[in-house]
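Single-letter residue listing:
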Amino acid sequence: MRTNRQGIIVWFQHMKNLRQIKRYGHLIYTSKKLKYAVLYVDQGDVDDIEKKLLRLSFVSKIDRSYKPFIRTNYENAKPDKAKQYDYKMGI
């Protein structure tokens, strides 16, 4: 069974604190210039982990990713037939 996961963007002050941030989830990406890290955590634990991370003195702020809540099934997914014909002709 797959667990539902959600991304958290953690803004921090120094790169040396990255090792402590790594303990709270699966680290995907870090930016040295902008000083943020992207973590993936289980959706059920997002609130608890967010509170724990905010308690750390070097964490500036935390943003959540809303990707799991965005609808990806589109109603009009079929392209227009005239456009399909033009693509086949190479126009």
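Everything below is about the structure printed above this text.
What counts as what
Residues numbered from 1 in each chain as written. Predicted model: local features only at pLDDT ≥ 70, side-chain atom pairs only at ≥ 80, totals over all residues. Heavy atoms only, no water. Helix = DSSP H or I, 4+ residues; strand = E, 2+ residues; numbered from the N terminus. Rg over C-alpha atoms; globule rule 2.2 N^0.38 Å. Buried < 20%, exposed > 50% of the residue type's maximum accessible area, 1.4 Å probe, protein only. Contact = heavy atoms within 4.5 Å. Areas by Shrake-Rupley, 256 points an atom, 1.4 Å probe, with all protein chains shown as cover. Core = buried A, V, L, I, M, F, W, Y, C linked by side-chain atoms within 4.5 Å. Pairing = 2+ DSSP bridges. Axes fitted to C-alpha atoms, helices over the stretch in contact; angles between N-to-C directions. Arc of directions from axis to C-beta.

Draft legend 1. Examining the overall build of the protein more closely. Looking only at helices and strands, the protein has 3 helices and 4 strands in total. When its helices and strands are written in sequence order, the protein yields β-α-β-β-α-β-α. Here the protein has a C-alpha radius of gyration of 20 Å; the compact-globule value for 91 residues is 12 Å, and the former is much larger. Taken over 91 residues, the protein has a buried fraction of 23%. For the protein, restricting intrachain contacts to residue pairs at least 6 apart in sequence, the fraction spanning at least 24 positions comes to 63%. As presented, the protein carries roughly 7700 Å² of accessible surface, and 49% of it is formed by carbon and sulfur atoms.

Draft legend 2. View of the environment of L54. Structurally, the position occupied by L54 is in helix α2 (residues 46–55). With a relative accessible area of 44%, L54 lands in the partly exposed category. Residues L54 and V10 lie 44 residues apart in sequence; the distance between their C-alpha atoms is 9.1 Å.

Draft legend 3. Main features of the nonpolar core. One finds I8, V10, F12, I21 and L53 to be the most contacted residues of the largest nonpolar core, which totals 14 residues. Only β1 (5–12), α1 (18–22), β3 (36–42), α2 and β4 (59–64) provide two or more residues apiece to this core.

Draft legend 4. Structural context of the pairing of strand β2 (residues 26–31). Across 5 bridges, β2 lies against β3 in antiparallel orientation. Bridged to Y29 within β3 is V38.

Draft legend 5. Focus on the sheet that holds β2. Ordered by their spatial adjacency, 4 strands build an open sheet running β2-β3-β1-β4, and the pairing between neighbours is antiparallel. This sheet does not close on itself; its edge strands, each paired only once, are β2 and β4. For this sheet, the mean inter-axis angle between neighbouring strands, taken without regard to orientation, is 25°. The strands touched by α2 within the sheet are β1, β3 and β4, with β4 carrying the most contacts at an inclination of about 165°.

Draft legend 6. Here's a closer look at the environment of I70. Locating I70 in the fold gives a position in the loop between β4 and α3 (81–89). Through-space distance from the C-alpha of I70 to that of K81 is 28 Å; in sequence the pair is 11 residues apart.

Draft legend 7. Region of the structure containing α2. Listed as buried for α2 are V46, I49, E50 and L53. Down the axis of α2, the buried set is contained in an arc of 100°. They therefore lie on one face. Those residues of α2 that are exposed and aimed more than 90 degrees away from the buried face are K51 and R55. Lining the buried residues of α2 we find β1, β3 and β4.

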